[in-house]
Amino acid sequence: MKDAMKTEITGSTRLTAVLGSPIKHSLSPQMHNLSFQLLHLDYAYLAFEVDTSTLPQAVEALKVLNARGYNLTMPNKNLMCTLCDNLSQASRITGAVNTVVNDDGILTGHSTDGTGYMLSVKDAGFDIIGQKMTLLGAGGAATSIMVQAALDGMSEISVFCRPESHFLERTKKIISDLNNETNCKVRLFHYDDALLKRELSDSCILTNATSVGMEPHADQSLITDSLMFHKELIVSDIIYHPYETKLMQLAKQAGCSVFNGEYMLLYQGAEAFRLWTGMDMPVKEVKAAYFSAAH
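In every chain, residue numbers begin from 1 and rise along the written sequence. Local features in a predicted model are, by the rule used here, given only for residues with pLDDT of at least 70; side-chain atom pairs are given and counted only at 80 or more, and totals for whole chains, interfaces and linings are based on all residues. Note that the side-chain values use all heavy atoms of the structure and ignore hydrogens as well as water.

Asks: Any chance you could explain the overall build of the chain here in plain terms?
Replies: Within the chain, the regular secondary structure consists of eleven helices and twelve strands. Values of the radius of gyration come from C-alpha atoms, whereas the globule rule sets the reference at 2.2 Å times the count of residues to the power 0.38. In terms of overall dimensions, the chain is globule-like: its C-alpha atoms have a radius of gyration of 19 Å, near the 19 Å expected for 295 residues. C-alpha atoms of the chain, sized along the principal axes, occupy 60 × 40 × 35 Å. Expressed as a percentage of its 295 residues, the buried residues of the chain come to 52%. Nonlocal contacts in the chain, meaning residues at least 24 apart in sequence, comprise 70% of its contacts between residues at least 6 apart. Positive charges come from Lys and Arg, negative ones from Asp and Glu, while His and the chain ends are left out of the count. Charge positions come from single atoms, namely NZ of Lys, CZ of Arg, CG of Asp or CD of Glu. Here the chain carries 24 positive and 32 negative side-chain charges, and the mean point of each set is 2 Å from the other. Per the convention used, a helix needs a DSSP run of H or I reaching at least four residues, while a strand needs a run of E reaching at least two, with both numbered from the N terminus. Note on classification: 1.4 Å probe, protein chains only; a residue is buried when its accessible area is under 20% of the maximum for its type, exposed when over 50%, partly exposed between these limits. Any two residues whose heavy atoms approach within 4.5 Å are treated as being in contact.

Here you go:
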């Protein structure tokens, strides 16, 4: 399908983009441009090599060009917060922006990474709202997931973070904000097998939002004993290389349902697409073209 589609640029084509460094590996241009074509929308999506040293100039240039919006990836998400006129609640709490909407020169920053994760949970067939999550990690992805899960209505989130993590103080501040602004009870723990097993015992879902288990260290897992899991626990990993991590393998041995982070990427893009166009991304077709066929 994607090879047969052609993009026709017109005099009124609106620009969308992704800004990051490195950026050549990004799948976002394929996802968005196929979606624009399928829905006959006069938009185009490009990737630009931009880091924090050039981001302010790039933002001003895109404003002059009246770009409809753009995505931010590493290392630009935090700095972009200071360059927006308005921030969504998720972006304000996380201190990060991965999607910008330009309304006549007014820039609004959003964080769609957490939304992407929560939609991927739904895509996997699970309804976790109102229940408890145990979350491993305190980096950017973990923060986005924690914040959106709390905003969406999770009852509790137990966050595990290493005491030496340079994200620790930021995580404490975000947890305090979530406890003040939402009805979700968020608590912070240091890694300890006994504590982790206790928190997992009444959790609906475990989410690994760290890089532990990613290639080339696919034999690693923060949990090494399948007895830590109970059969009703859903185990997810934001990693998708390898497609099934060591953590997921151990969870399957314990009878748990598992899924990886492949569709988190898809759905964070789908949310950005909705914010720019007001329309739903044709995710079925995008999956078939760029995700499912690989497996």
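Asks: Mind showing me how you'd approach the sheet that holds strand E6 (residues 106–110) here?
Replies: Strand pairs in the sheet, formed through backbone hydrogen bonds, run parallel or antiparallel to each other. Two strands are said to pair when DSSP picks up at least two bridges between them. Strand order across the open sheet formed by six strands is E2-E1-E3-E5-E6-E4, with mixed pairing between neighbours. Each having just a single partner strand, strand E2 (43–49) and strand E4 (86–87) make up the two edges of the open sheet. Across four bridges, the pairing between strand E1 (residues 14–20) and strand E3 (residues 69–72) is parallel. Each bridged residue has a counterpart across the sheet, and for alanine 17 the counterpart in E3 is tyrosine 70. The sheet contacts of helix H10 (residues 262–277) involve E1, E2, E3, strand E5 (99–103) and E6, and relative to E5 the element is tilted by about 5 degrees. The axes are straight lines fitted to the C-alpha atoms, using for helices just the contacting stretch, and the angles between their N-to-C directions are given from 0 to 180°.

Asks: I tried to follow the packing of aromatic side chains on my own but got confused; where do I start?
Replies: The geometry of an aromatic ring pair is captured by the separation of the ring centres together with the interplanar angle, meaning the angle of the planes. Geometry of aromatic contacts follows a simple scheme: Phe, Tyr and Trp rings, the Trp one being its six-membered ring, pair when their centres are within 6.5 Å, and the pair is stacked under 30 degrees between planes, edge-to-face over 60, tilted otherwise. One pass over the full model with this rule turns up eight aromatic pairs. With 6.0 Å between their ring centres and 40 degrees between their planes, phenylalanine 160 and tyrosine 191 make a pair best called tilted. Of this pair, phenylalanine 160 sits in strand E8 (residues 156–160) while tyrosine 191 sits in the loop between strand E9 (185–189) and helix H8 (193–201); the two residues are 31 residues apart in sequence, bridging distant segments of the chain. Relative accessible area serves as the criterion here: at 0%, phenylalanine 160 is assigned to the buried category.

Asks: Could you clarify how one ought to interpret helix H1 (residues 28–38) in this entry?
Replies: Counting along an α-helix, one turn takes 3.6 residues, and residues three or four places apart therefore face a common direction. Burial of H1 is extensive: nine of the eleven residues sit out of reach of the surface. The set of residues buried in H1 consists of Ser28, Pro29, Met31, His32, Asn33, Leu34, Ser35, Phe36 and Gln37. Contacts made by the buried residues of H1 are with E1, E2, E3, H10 and helix H11 (283–290). Count one or two residues on from H1 and you reach histidine 40, which has phi positive near 55 degrees.

Asks: Is there a simple way to think about the side chain of threonine 210 in this case?
Replies: In this fold, threonine 210 is placed in the loop between strand E10 (205–208) and strand E11 (234–237). Note on threonine 210: relative accessible area 16%, which makes it buried. Distance and chemistry together define a polar contact, namely a pair of N or O atoms within 3.5 Å, with one atom able to donate a hydrogen and the other to accept it when in protein, and with adjacent residues in sequence counting only for side-chain atoms on both sides. Within the structure, threonine 210 has its side chain in polar contact with the side chain of asparagine 208 (distance 2.8 Å). If we skip the residues at most four places from it in the chain, threonine 210 touches Leu136, Gly137, Tyr191, Leu222, Ile238 and Ile239.

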